[in-house]
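Okay, here's what each chain looks like letter by letter:
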Amino acid sequence: MLKVGLYLLLILILKTNMNINSQMTKLIDPNKKQRITNVTDVEIYNYLTKEKKLDRNKSLGILANIQAESNFKLDADEAGDGSKGIGLFQHTFPTRKSGLLKNVPDYKNNWKGQVDYFLSEPEAKGYLKQNFNSGNEAAEYLMNKNLRPAKELRLDRTQKHNTYIKKFLEKF
C-alpha cells in the first residue's frame, strides 16, 4: 500500500512539474505552441481500438512495431537529417516517405496523422484484412510484410516485439 501511495505521489509531482513548465513557457512566450514529440502506447492503443475499430491483436502488432521503430517519438529521424527513416513508423522508402510528408506535413507533432497515413497505405490494407491469433503474430506479419527492416535486424525485432507486448499487456 505504501508503494502505491508513493507511486501516486510521484505521478502528482511529475504532473505538477509538467504543468508548471507549461505555464512558464506560456509566460515567456504566450503565442508559442508547445511541441509534442512523444505519444504514449496507451493513447495509440485507445485510438486504434476505439476510433479506428481495430481488434486487439492488430493494435498490439502496430504498437510493437512503433516501439521498435521509433520508441513512440513522433519526430524520430534515423539519420538526424531526414535522409533515412522518419516518424513513428520510420518511413524510409522514397514513395512512402514522400507520401507521409505530403499527407502529414506536420508529422513531427501529429501522431494521429501518422497513424492514419500508415493505415491508408496499400501494405497496411493487406495487414488489416488478416486475422491474427495473437499480437505477436500480428507484429511479425507487419514487420515482414509492411515495415520490412533489414533482414539482419528481424530476429532481434521479433524478440523486442514479444517482450514489449508482454509488458504492455501487464498494464491492463
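None of these values were measured; they are calculated from a predicted model. Residues take numbers from 1 onward in each chain, read along the sequence in its written order. Local features in this predicted model are restricted to residues of pLDDT 70 or higher, and side-chain atom pairs are both shown and tallied only at a pLDDT of 80 or more, whereas totals for entire chains, interfaces and linings draw on every residue. The basis for the side-chain values is all heavy atoms of the structure; hydrogens and waters are excluded.

*Asks:* What should I look at first to understand the overall build of the chain in this one?
*Replies:* A run of H or I in DSSP becomes a helix once it reaches four residues, and a run of E becomes a strand once it reaches two; helices and strands are each numbered from the N terminus. The helix and strand tally for the chain stands at eight helices and zero strands. The proportion of buried residues among the 172 residues of the chain is 37%. Only heavy atoms matter for contacts: two residues are in contact if any of them lie within 4.5 Å across the pair. Intrachain contacts of the chain at a sequence separation of at least 6 include 56% that bridge at least 24 residues. Summed over all atoms, the accessible surface of the chain reaches about 10900 Å², with 55% contributed by carbon and sulfur. Residue exposure (1.4 Å probe, protein chains only): buried if accessible area is under 20% of the type maximum, exposed if over 50%, otherwise partly exposed. The Shrake-Rupley method, run with a 1.4 Å probe sphere, supplies the accessible areas, and residue values consider only the shown protein chains as cover.

*Asks:* Explain the confidence of the model for the chain to me, please; I cannot follow it from the model alone.
*Replies:* Detailed reading of predicted coordinates is not advised where the pLDDT is low. pLDDT is a residue-level measure of predictor confidence that goes from 0 to 100. When pLDDT is averaged across the chain, the result is 85; 79% of the residues are at 70 or more. Mean pLDDT values for the elements of the chain range from 51 in helix α1 (residues 2–28) up to 98 in helix α2 (residues 41–51). Contacts of residues 19–32 to residues separated by more than four positions or lying in other chains number three contacts, the stretch itself having pLDDT below 50.

*Asks:* Looking at this model, I keep getting lost on the packing of aromatic side chains. Mind explaining?
*Replies:* Think of a pair of aromatic rings as described by two things: how far the centres are apart, and how the planes are tilted against each other in angle. For Phe, Tyr and Trp, where Trp contributes only its six-membered ring, two rings pair if their centres lie within 6.5 Å, and the inter-plane angle classes them as stacked under 30 degrees, edge-to-face over 60, or tilted in between. Under the definition given, this model contains eight aromatic pairs. Ring centres of Y47 and W111 lie 5.3 Å apart, and the angle between their planes is 80°; on these two criteria the pair is classed as edge-to-face. Of this pair, Y47 sits in helix α2 while W111 is found in helix α5 (residues 111–120), placing the two residues 64 residues apart along the sequence. Taking relative accessible area as the criterion, Y47 reaches 6% and is therefore assigned buried. Ring centres of F72 and Y164 lie 6.1 Å apart, and the angle between their planes is 40°; this geometry places the pair in the tilted category. Here F72 is found in the loop between α3 (56–70) and α4 (94–103), whereas its partner Y164 is found in helix α8 (residues 154–170), with 92 residues between them in sequence.

*Asks:* Would you take a moment to explain the packing of α3 against α8 for this structure?
*Replies:* Relative orientation and spacing of two packed helices are given, respectively, by the angle between their axes and the distance between those axes. Axis definition: a line fit to C-alpha positions, over the contact stretch in the case of helices; interaxial angles, taken between N-to-C directions, run 0 to 180 degrees. One can describe the packing of α3 onto α8 by two numbers: an axis separation of 9 Å at closest approach and a directional angle of 120°. By the angle between their directions, the pair α3 and α8 is classed as oblique. Crossing angle aside, the handedness with which α3 passes α8 is right-handed. Together, R56, L60, L63, A64, N65, Q67, A68 and E69 of α3 and R157, K160, H161, Y164, I165, F168 and L169 of α8 make up the contact between the two elements. Residue classes in the contact of α3 with α8 are distributed as eight nonpolar, three polar and four charged. Note on terminology: angles under 35 degrees are roughly parallel, angles over 145 are roughly antiparallel, angles of 65 to 115 are roughly perpendicular, and the others are oblique. Handedness of a crossing follows from how the near helix is turned relative to the far one, being left-handed for an anticlockwise turn of less than a right angle and right-handed for a clockwise one. Three residue categories are used. Nonpolar comprises Ala, Val, Leu, Ile, Met, Phe, Trp, Tyr, Cys and Pro, charged comprises Asp, Glu, Lys and Arg, and polar comprises the others, including Gly.

*Asks:* Please clarify how the pattern of salt bridges should be interpreted in this entry.
*Replies:* As a working rule, side chains carrying opposite charge can pair if their charged atoms are close by. By definition here, a salt bridge exists when the distance from a side-chain nitrogen of Lys or Arg to a carboxyl oxygen of Asp or Glu is within 4 Å. Scanning the entire structure with this criterion turns up nine salt bridges. Between E51 and K112 there is a salt bridge whose closest N-O contact spans 3.8 Å. With a gap of 61 residues between them, E51 in helix α2 and K112 in helix α5 connect regions that are remote in the sequence. Assessed through its relative accessible area of 52%, E51 is described here as exposed. K112 gets classed as partly exposed once you look at its relative accessible area, which sits at 34%.

*Asks:* In this structure, what is going on with the side chain of R157? I would like to understand it.
*Replies:* When you line up the elements, R157 lands in helix α8. We classify R157 as buried; its relative accessible area is 12%. Leave out the neighbours within four places in its chain, and R157 touches A68, E69, M143 and P149.

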